[in-house]
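# Inside the fold
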Amino acid sequence: MSNITIISNEKNWMEHTAVTQLQGVADLPGAMQTVGLPDLHPGKSPVGMAVVTQGVIYPHIIGGDIGCGMGLYDTGLDGRKFKLERWVTKLNNIRELVDLPTVNPYNEPSPIYDLGTIGGGNHFAEFQVVDTSYDHTACHAIGLKDSQLLLLVHSGSRGYGQSILKRYQDCRGITGTEPIKSYLEEHDQAILWAERNREIVVVKLLDYLGYTPQAKKLIDCQHNFMEQKGDLYIHRKGAVSAERGPVVIPGSRGALTYIVQPAGNTAMSAFSLSHGAGRKWARSLCKSRIREKYDRDTIRQTKLKSRVVCHDTDLLFQEAPEAYKSIDSVIDILLQYELITVVATLRPVLTYKG
DNA sequence: ATGTCC
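The rules behind these values
- Residues numbered from 1 in each chain as written.
- Chains lettered and ligands numbered in written order.
- Predicted model: local features only at pLDDT ≥ 70, side-chain atom pairs only at ≥ 80, totals over all residues.
- Heavy atoms only, no water.
- UniProt positions renumbered as here; feature names shortened; annotations may be inferred.
- Buried < 20%, exposed > 50% of the residue type's maximum accessible area, 1.4 Å probe, protein only.
- Helix = DSSP H or I, 4+ residues; strand = E, 2+ residues; numbered from the N terminus.
- Pairing = 2+ DSSP bridges.
- Expected span 1.5 Å × (residues − 1).
- Polar contact = N/O pair within 3.5 Å; in protein donor to acceptor, adjacent residues only side chain to side chain.

- As recorded by an unreviewed UniProt entry, chain A carries the name 3'-phosphate/5'-hydroxy nucleic acid ligase and is attributed to Acetonema longum DSM 6540.
- Of the comments in the UniProt record for chain A, the one headed Catalytic activity (unreviewed entry) reads "a 3'-end 3'-phospho-ribonucleotide-RNA + a 5'-end dephospho-ribonucleoside-RNA + GTP = a ribonucleotidyl-ribonucleotide-RNA + GMP + diphosphate".

Here's what the structure looks like:
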């Protein structure tokens, strides 16, 4: 049994099921260090965690959406000239990004079925602006500026990653140099295409909205992936690396997104950080709990005066801000454990969901 | 999470 660290405090609600699931991961043969981050919540395998194994890998911990992550882009447009109503109308006219023409700029054919789409669930594309800058030097280094319009895309490899997992999940734990190498090669392809897909979403969206895309990638960080370090393997499920520069930690669509810089204490968190606010309510419970609070239109607006374009009203209830923990408490805990410093906060202006 | 059941 490996040692377990749960990074939390008294104010942070954590579901018992998630802790039990984390214990189950820690009990797997070869598990050396198991970490629950503040956004830990139950899943098929627990989400918001990292586990370091020796000599063995567990693809089911990473799950099917290999390479899922956050791509933050500078659109090259001025946030002050942003015409909210016009863009809401235009985006309402398309069913999904699959309706828009897709150009694959790469030599290889795409293994992702609907290249340039974001998928469902908690995936989104969100226009944002800088709300508050806390570290001007770091903002400058990243390329974050006041008044610029940003686009944050949350998506992954989806069906493609799932098809990879399907071929490896029967083995509850893969050992041996060649079998591990085989999974990692396919895994790396899923990582590559998930990142390419996020960029193509950005290009398609800006093109459709009438702008010659000159988008520039500022940060791209994945939160479902495996990292090899010699004979050690860091599995991250709903957790980002703390060793690859600044990180995007989004809140719910009704909350700020944080840009953070990893700090010096991350050995205790298996060099990992939270990937978001973390789900608080099961999807199946959301609609009955907040049905009375909203109508068709008000569920498409947020406290921060931002707007949401999505044709699936049930999904909007499942992904409502109430269904998520407070991002501020997640950030407070990461600060308390000296895992991060805060660089800036971003404010959503328009969220697009599939 | 899921061309939302191979």
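### Thoughts on the pairing of strand β11 (residues 232-237)
- Among the 6 residues that make up β11, 5 are buried, leaving the element largely enclosed by the rest of the structure.
- Pairing analysis gives 6 bridges linking strand β3 (residues 47-54) to β11, with the strands arranged antiparallel. Bridge pairing links Gln 54 to Leu 232 in β11.
- With 6 bridges connecting them, strand β10 (residues 224-229) and β11 associate as antiparallel partners. Paired with Lys 229 across the strands is Leu 232, a residue of β11.
- Hairpin connection from β10 to β11: 2 residues lie between these consecutive antiparallel strands, with Gly 230 at a positive phi of about 65°.

### A look at helix α6 (residues 177-208)
- For α6, which comprises 32 residues, the first-to-last C-alpha distance of 46 Å matches the rise-based estimate of 46 Å (1.5 Å per residue) to within 8%.
- Looking one or two residues past α6, Gly 210 carries a phi angle of roughly 100°, positive in sign.

### Quick notes on the UniProt feature "binding site: Mn(2+) 1" (unreviewed entry) in chain A
- The feature "binding site: Mn(2+) 1" (unreviewed entry), as annotated in UniProt, sits at His 123 in this numbering.
- Looking at where His 123 falls in the secondary structure, it is placed in the loop between α3 (84-92) and β6 (124-133).
- His 123 sits in the buried class, given a relative accessible area of 6%.
- A polar atom in the side chain of His 123 sits 2.8 Å from the backbone oxygen of Ile 118.

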